[in-house]
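Observations on chain architecture
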Protein chains: 2
Amino acid sequence: MSRIAYVAGRYVPHLQAAVHIEDRGYQFSDGVYEVVAVKGGHLVDEEPHLARLARSLGELRITPPMGEAALKIVMRETIRRNGVDNGIVYLQITRGAAPRDHGFPKAAKPVLVVTARRTRPPNPSLARDGISVITIPDIRWQRCDIKAVGLLPNVLGKQRAREAGAYEAWQVDREGRVTEGTSTNAWIVTAAGEVVTRAADHAILNGITRCAVLAIIRSEGYEFVERAFTVAEARSAREAFLTSTTSNLLPVVRIDGEPVADGKPGPLSGKLLAAYLTHASAA
Amino acid sequence: MSRIAYVAGRYVPHLQAAVHIEDRGYQFSDGVYEVVAVKGGHLVDEEPHLARLARSLGELRITPPMGEAALKIVMRETIRRNGVDNGIVYLQITRGAAPRDHGFPKAAKPVLVVTARRTRPPNPSLARDGISVITIPDIRWQRCDIKAVGLLPNVLGKQRAREAGAYEAWQVDREGRVTEGTSTNAWIVTAAGEVVTRAADHAILNGITRCAVLAIIRSEGYEFVERAFTVAEARSAREAFLTSTTSNLLPVVRIDGEPVADGKPGPLSGKLLAAYLTHASAA
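Residues numbered from 1 in each chain as written. Chains lettered and ligands numbered in written order. Predicted model: local features only at pLDDT ≥ 70, side-chain atom pairs only at ≥ 80, totals over all residues. Heavy atoms only, no water.

1. What to know about the pattern of salt bridges
Two side chains bearing opposite charge may form a pair once their charged atoms approach each other closely. In this structure the tally under the stated criterion is 48 salt bridges over all chains. Across the pair A:Arg55 and A:Asp145 runs a salt bridge whose closest N-O atoms are separated by 2.8 Å. With a gap of 90 residues between them, A:Arg55 in helix α2 (residues 46-60) and A:Asp145 in the loop between β8 (131-137) and α5 (152-163) connect regions that are remote in the sequence. You can call A:Arg55 partly exposed: its relative accessible area is 38%. Residue A:Asp101 pairs with B:Arg162 through a salt bridge whose shortest N-O separation is 2.7 Å. Of the two residues, A:Asp101 is situated in the loop between β6 (87-94) and β7 (111-118) and B:Arg162 in helix α5 (residues 152-163); the pairing between them involves two chains. Taking the relative accessible area as the measure of exposure, A:Asp101 reaches 35% and is therefore partly exposed. In the salt-bridge network here, residues are joined through shared partners; they are A:Asp173, A:Glu175, A:Arg177, A:Arg198 and A:Asp201. (Salt bridge = Lys/Arg side-chain N within 4 Å of Asp/Glu carboxyl O. Helix = DSSP H or I, 4+ residues; strand = E, 2+ residues; numbered from the N terminus. Buried < 20%, exposed > 50% of the residue type's maximum accessible area, 1.4 Å probe, protein only.)

Right, here's the structure in full:
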């Protein structure tokens, strides 16, 4: 089955799927995106993803290229045409193509691109054995709450992690506090058993998986608080983990080469992952 | 004459000039660019532009898609095919197209796009009457010395300036010091007659016009210093101005609605502009 992409109103072969060289996504990173998981043929947490997309567009004053109902149809049709039962849908909306000029163009029409592809779930060994993270300075802009395509610092950070043999890089603000990973949210469980993750301020992207795990924590009655934590706190935590649409929930067992607690995935991470997978397969 | 763009090895009609939807410039802002002025058929300060391009690529570890000699030929051919005698050449190099994943792809081939278009010189009334700037917080990433295409904060800043009836927005760091405009460098002349512009640290893009004007200042023997200045200093300056490839040098006569000195372009700005135009027509 050859892949098909939706580009500005048409379904086209993936190989030929293209946007104009003056698309403002390409020249200015003037656009936003979402990645939605597909599990057993259904879209996981579709509504909060679309709500966040609407918020990102609103913050940038980009007019949605179509209504939410139509967008849902395009996502489903793209999934169908690519035979995706388990995988992801990627959608990107830019301010459109216009002669290059920094200010908003008067005449540009926002451009929607949607792709879908099959993916394998995260390798089970990652959840079983845990993963490593490194810490790096957070050099990103100050509106990381907007899911914009200006991801170059995230790219550089992820690359650093990989070259260090780690799964992810946790970014650290000027005050020494972890903001988030380059494509994941960061969590710890303190020695007192309290779950901690940074509040959804302008320094982080409010992950949909983050929100789903927070909802589980609340409904299960675990102690938790949304606040920033330092790297030192994370190193001395009882457990640490990360969350994202494509990683689900993965225990972090090493930070900058040093073990977290006994260097093995903690029990709460395992329970939360199980509960999240139940949520994702039902949602 | 219909416009022609160079895209990854081919000269194509501008209307059909496109990059793949998985080009990393489009999905990650993983690319760099340059804008070079064309005056009287020649490229202004081509060598420093190409040197800066090489530096940006090096910082991001993107392999140049061709050697400098070949790139010069492509720029000239694009200028020729578009009949540009006075205007600009725009060139963008991204890490290439690859299945979406934050880290560097193993197989991607960097993609070069070159366009050229005629432009009119800045409206003479701007240099005669001066322009207004507003000041806004600098919310950009911490590697603005790399000329990357992740320009969304610049887009938002320029738009704010336009909506405020201003020509440009000067971005201000956490210490209250001006970094630069959204697409221009910022300068003042102090009451003591000293020219001041921020040193080329990681917070600004080291403008080629900035460098040319600094060279003029040195050779003419004007007092100058490269250091950060505050908004308050700029408001009480004797003169203020900005520089860029497309704006040349423009006197700033209002900051946040308040006049700089007597609200008229200062004499040094005029002299430096004249000297810069001489340089640009000869260079």
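Okay, back to it.
2. Side note on the domain arrangement of chain A
For an interface, size is often stated in terms of accessible area lost upon the parts coming together. Residue and element names in this part refer to chain A. Along its sequence, chain A is organised into domain 1 (4-118) and domain 2 (124-282). Look at where the C-alpha atoms of domain 1 and domain 2 centre, and you get two points 26 Å apart. Contacts between domain 1 and domain 2 engage 22 residues on the former and 22 residues on the latter. Between domain 1 and domain 2, roughly 1,700 Å² of surface is buried when both sides are summed, and carbon and sulfur atoms account for 59% of that area. Considering only the side of domain 1, the residues that lose the most area to domain 2 are Tyr33, Lys39 and Arg52, jointly responsible for 34% of the buried surface there. If you look at where domain 1 meets domain 2, you find two salt bridges. (Domains from an automatic or database assignment. Contact = heavy atoms within 4.5 Å. Buried area = accessible area lost by both parts, 1.4 Å probe.)

3. Observations regarding helix α3 (residues 68-81) of chain B
Residue and element names in this part refer to chain B. For α3, built from 14 residues, the straight-helix expectation of 20 Å at 1.5 Å per residue is met to within 8% by its first-to-last C-alpha distance of 20 Å. All buried positions along α3 are accounted for by Leu71, Val74, Met75, Glu77, Thr78 and Ile79. Phi turns positive, to about 55°, at Gly83, one or two residues after α3. (Expected span 1.5 Å × (residues − 1).)

4. So, the environment of A:Gly31
All names here are of chain A. Locating Gly31 in the fold gives a position in strand β4 (residues 31-39). Judged by its relative accessible area of 0%, Gly31 falls in the buried class. Between the C-alpha atom of Gly31 and that of Asp129, which follows or precedes it by 98 residues, the distance is 37 Å.

5. Points about the confidence of the model for chain A
The predicted model of chain A has a mean per-residue pLDDT of 97, with 99% of residues at 70 or higher. For this predicted complex, the interface score ipTM comes out at 0.97, while the overall pTM is 0.97. (pLDDT = per-residue confidence, 0-100.)

6. Some points on the sheet that holds strand β2 (residues 10-13) of chain B
All names here are of chain B. Spatially, β2-β1-β7-β6-β4-β5 is the arrangement adopted by the six strands of the open sheet, whose pairing is antiparallel. Only two strands of the sheet have a single neighbouring strand rather than two, namely β2 and β5 (42-43). Note: strand β1 (residues 4-7) against β2, four bridges, orientation antiparallel. Opposite Val7, over in β2, you have Arg10 as the bridge partner. (Pairing = 2+ DSSP bridges.)

7. Topic: the packing of aromatic side chains
All names here are of chain B. Enumeration according to the criterion identifies eight aromatic pairs over all chains in this entry. Pairing Trp170 with Phe229 gives two aromatic rings, centres 6.0 Å apart and planes at 65°, and the pair type is edge-to-face. Of this pair, Trp170 sits in strand β9 (residues 168-172) while Phe229 sits in the loop between β13 (224-226) and α7 (231-235), placing them 59 residues apart in sequence. Of the residues examined, Trp170 reaches a relative accessible area of 0% and is grouped as buried. (Phe/Tyr/Trp six-rings, centres within 6.5 Å; stacked < 30°, edge-to-face > 60°.)

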